[in-house]
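What the coordinates show
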Amino acid sequence: MSIAPVAGERLHTVGEVAALARVTVRTLHHYDRIGLLSPSSTVP
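The rules we used
- Residues numbered from 1 in each chain as written.
- Predicted model: local features only at pLDDT ≥ 70, side-chain atom pairs only at ≥ 80, totals over all residues.
- Heavy atoms only, no water.
- Helix = DSSP H or I, 4+ residues; strand = E, 2+ residues; numbered from the N terminus.
- Buried < 20%, exposed > 50% of the residue type's maximum accessible area, 1.4 Å probe, protein only.
- Areas by Shrake-Rupley, 256 points an atom, 1.4 Å probe, with all protein chains shown as cover.
- Axes fitted to C-alpha atoms, helices over the stretch in contact; angles between N-to-C directions.
- Parallel < 35°, antiparallel > 145°, perpendicular 65-115°, else oblique.
- Contact = heavy atoms within 4.5 Å.
- Nonpolar A, V, L, I, M, F, W, Y, C, P; charged D, E, K, R; others polar.
- Patch = residues over 30% accessible without salt bridge, like charges linked within 9 Å, V, L, I, M, F, W, Y side chains within 5 Å.
- Salt bridge = Lys/Arg side-chain N within 4 Å of Asp/Glu carboxyl O.

To continue, consider the overall build of the protein. From N to C terminus, the protein includes two helices and zero strands. When the 44 residues of the protein are sorted by exposure, 7% land in the buried category. Taken as a whole, the protein presents about 3800 Å² of accessible surface, with 58% of it coming from carbon and sulfur.

Turning our attention to unusual backbone geometry. Negative phi characterises most residues that are not glycine, and trans characterises most peptide bonds. Non-glycine residue Arg-22 carries a positive phi angle of around 60°. When its relative accessible area of 78% is taken as the criterion, Arg-22 is described as exposed.

Before going further, it helps to spend a moment on the packing of helix H1 (residues 14-21) against helix H2 (residues 25-33). At their nearest, the axes of H1 and H2 sit 8 Å apart, and the two run at 100° to each other. With respect to their mutual orientation, H1 and H2 come out roughly perpendicular. Across the interface between the two elements, Val-14, Gly-15, Val-17 and Ala-18 from H1 touch Val-25, Leu-28 and His-29 from H2. Tallied by class, the residues present in the contact of H1 with H2 amount to five nonpolar, two polar and no charged.

Here the focus is a nonpolar patch on the surface. Together, Ile-34, Leu-36 and Leu-37 make up an exposed nonpolar region whose accessible area comes to about 300 Å². Within the secondary structure, Ile-34 is located in the segment after H2.

Along the chain, the position of Val-17 falls in helix H1. Among the residues examined, Val-17 registers a relative accessible area of 18% and is labelled buried. When the C-alpha positions of Val-17 and Leu-28 are compared, they lie 8.5 Å apart, and in sequence the two are eleven residues distant.

Here's what the structure looks like:
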């Protein structure tokens, strides 16, 4: 599943990604910590 923004699309919040992936926000943070996935873009 690709959730990277395409030209003209907005970025998703972690809550939106969690809902799309049917996992909790805490699970996404855990995956990020262990290096399983990482954001394609960050907002300053």
